[in-house]
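Structural features, examined
One letter stands for each residue in the lines below.
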Amino acid sequence: MATHRSLRRHPGLRWFNIPLFVASIAGTVVIVALALGFYTWWAFAISGVVGVVLGVPLGIWVTNAIKRADSAWPPERLG
């Protein structure tokens, strides 16, 4: 019974973390760009690219770190 409960502990954690990190990083870059006076569409496009390039690997890394730190998470489901 404990196995089934532990499998439900982090449902879709990766699908939650990746968009969260992408949006947070892209939003930060947009704010910095606007504060520096870049008001063109390029500022938004570059912010989106930076958010995806940095947010996806970071979201995956954090998800895996959470799963590794959880003693109830089955080792065969890491990654």
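Residues numbered from 1 in each chain as written. Predicted model: local features only at pLDDT ≥ 70, side-chain atom pairs only at ≥ 80, totals over all residues. Heavy atoms only, no water.

1. Overview of the packing of helix H2 (residues 13–35) against helix H3 (residues 41–69)
To keep things clear, this is the line we draw: Between N-to-C directions, angles span 0 to 180 degrees; the directions come from axes that are lines fitted to C-alpha atoms, helices contributing only their stretch in contact. Numbering of helices and strands starts at the N terminus; helices are DSSP runs of H or I of at least 4 residues and strands are runs of E of at least 2. Crossings are classed by handedness, with left-handed meaning an anticlockwise turn of the near helix from the far one by less than a right angle and right-handed meaning a clockwise turn. Note that Gly is not counted as nonpolar here; it falls among the polar residues with everything else outside the nonpolar set of Ala, Val, Leu, Ile, Met, Phe, Trp, Tyr, Cys and Pro and the charged set of Asp, Glu, Lys and Arg.
H3 packs onto H2 with a crossing angle of 145 degrees between their chain directions and a minimal axis gap of 6 Å. Pair H2 / H3 crosses with right-handed handedness. Of the residues belonging to the contact of H2 with H3, the class tally is 20 nonpolar, eight polar and one charged.

2. So, H3
Where we set the bar: To estimate how far a helix should extend, the number of its residues minus one is multiplied by 1.5 Å. Here the bend at a residue is taken as the angle between two axes, fitted respectively to the seven residues that end there and the seven that start there. What makes two residues a contact is simply this: any of their non-hydrogen atoms within 4.5 Å.
The end-to-end C-alpha distance of H3 is 41 Å, a good match for the 42 Å that 29 residues give at a rise of 1.5 Å each. Within H3, the axis deviates most sharply at Gly 55, by approximately 30 degrees, and proline Pro 57 lies no more than four positions further along. Along its buried surface, H3 packs onto H2.

3. Let's talk about the environment of Phe 16
The cut-off we apply is this: For each residue, the accessible area found with a 1.4 Å probe, counting protein chains only, is set against the maximum for its type, and the residue is called buried under 20%, exposed over 50%, and partly exposed in between.
Examined against the element boundaries, Phe 16 turns out to sit in helix H2. For Phe 16, a relative accessible area of 53% translates into the label exposed. Remark: the alpha-carbon pair of Phe 16 and Thr 63, spanning 47 residues in sequence, is separated by 9.2 Å.

4. Some points on the side chain of Thr 63
Heads up, the rule is: Two N or O atoms form a polar contact when they lie within 3.5 Å of each other; inside protein one atom must be a possible hydrogen donor and the other a possible acceptor, and for residues adjacent in sequence the pair counts only when both atoms belong to side chains.
Relative to the assigned elements, Thr 63 resides in helix H3. A residue is classified by how much of its surface remains accessible, and Thr 63, at 0% relative accessible area, is buried. A distance of 2.8 Å separates a polar side-chain atom of Thr 63 from the backbone oxygen of Gly 59. The residues contacting Thr 63, other than those within four sequence positions of it, are Leu 13, Arg 14 and Asn 17.

5. Describing the confidence of the model for the protein chain
To keep things clear, this is the line we draw: Per residue, pLDDT measures the predictor's confidence, with a range of 0 to 100.
In this model, the protein chain carries an average pLDDT of 85, and 80% of its residues clear a pLDDT of 70 or more. Per-element confidence in the protein chain is highest for H2, whose mean pLDDT is 95, and lowest for helix H1 (residues 2–7), whose mean pLDDT is 50.

6. Some details on the side chain of Ser 47
Structurally, the position occupied by Ser 47 is in helix H3. A polar contact is formed between the side chain of Ser 47 and the backbone oxygen of Ala 43, at a distance of 2.6 Å. Discounting residues that sit within four places of it in the chain, Ser 47 has contacts with Ala 26, Val 29 and Val 30.

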